[in-house]
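The lines below spell out each chain.
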Amino acid sequence: MIIAVWGLGACTATTGGNAGFIRNLPEEIVAMAAPNQDLTAVQLKEDDGCYWYRHTGPVETTMLPLRTAEGRPICTRPQT
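Structural notes, computed from the coordinates. None of the values given here were measured: they were computed from a predicted structure. (Residues numbered from 1 in each chain as written. Predicted model: local features only at pLDDT ≥ 70, side-chain atom pairs only at ≥ 80, totals over all residues. Heavy atoms only, no water.)

1. A look at the overall build of the protein
In terms of regular secondary structure, the protein is built from 1 helix and 5 strands. Ordered by position from the N terminus, the helices and strands of the protein form the series β-α-β-β-β-β. Burial analysis of the protein (80 residues in total) assigns 35% to the buried set. Carbon and sulfur atoms make up 52% of the accessible area of the protein, which totals about 5,000 Å². (Helix = DSSP H or I, 4+ residues; strand = E, 2+ residues; numbered from the N terminus. Buried < 20%, exposed > 50% of the residue type's maximum accessible area, 1.4 Å probe, protein only. Areas by Shrake-Rupley, 256 points an atom, 1.4 Å probe, with all protein chains shown as cover.)

Pasting the structure below:
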C-alpha cells in the first residue's frame, strides 16, 4: 500500500543552494515519517511523486525513499 499525500507537493519550498532539499517539510509528512530518517535533507522527486531523503551510511551517501513507520513510501500520488 502506498501512502498518498495529495496536494502537498505544491506546498513545499526548496532551496537552490542546498541541492534542492525541501526547506520547510510539511507537518503532515513529518508526522508520517518513521524515525531515523534525515528530515533535513528531503526531496520530492517529480518522476515518481515520492519523497526521498539523504541517507549517510558508513560507506556512501545515497537517496532513499522516505517511509512511514509501517515501511510504506510517502508519495503525493498513487504509484503504478
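2. Points about the environment of Thr56
Structurally, Thr56 can be placed in strand β3 (residues 51–56). Taking the C-alpha atoms as reference, Thr56 lies 8.8 Å from Asp38; in sequence the two are 18 residues apart.

3. Focus on the side chain of Gln37
If you trace the backbone, Gln37 turns up in the loop between α1 (27–32) and β2 (42–44). Separated by 2.9 Å, the side chain of Gln37 and the backbone oxygen of Arg67 make a polar contact. What Gln37 contacts, discounting residues up to four positions off in sequence, is Tyr53, Pro65, Leu66 and Arg67. (Polar contact = N/O pair within 3.5 Å; in protein donor to acceptor, adjacent residues only side chain to side chain. Contact = heavy atoms within 4.5 Å.)

4. Details of the state of the cysteines
Following the criterion strictly, the structure yields 1 disulfide and no others. Here Cys50 engages in a disulfide with Cys75; their sulfurs sit 1.9 Å apart. Handedness of the Cys50-Cys75 disulfide follows from its S-S torsion of about 85 degrees: it is right-handed. Placement of Cys50 in the loop between β2 and β3 and of Cys75 in strand β5 (residues 74–75) is noted, with a sequence separation of 25 residues between them. Neither residue differs from the other here; Cys50 and Cys75 are each classed as buried. (Disulfide = S-S within 2.5 Å.)

5. Description of the sheet that holds β3
Within the open sheet, the 3 strands sit side by side as β2-β3-β4. Their pairing is antiparallel. The open sheet is flanked by β2 and β4 (61–65), the only strands paired with a single partner. Neighbour-to-neighbour, the strand axes of this sheet turn through a mean angle of 30 degrees, independent of strand direction. The pairing of β2 with β3 spans 3 bridges and is antiparallel. (Pairing = 2+ DSSP bridges. Axes fitted to C-alpha atoms, helices over the stretch in contact; angles between N-to-C directions.)

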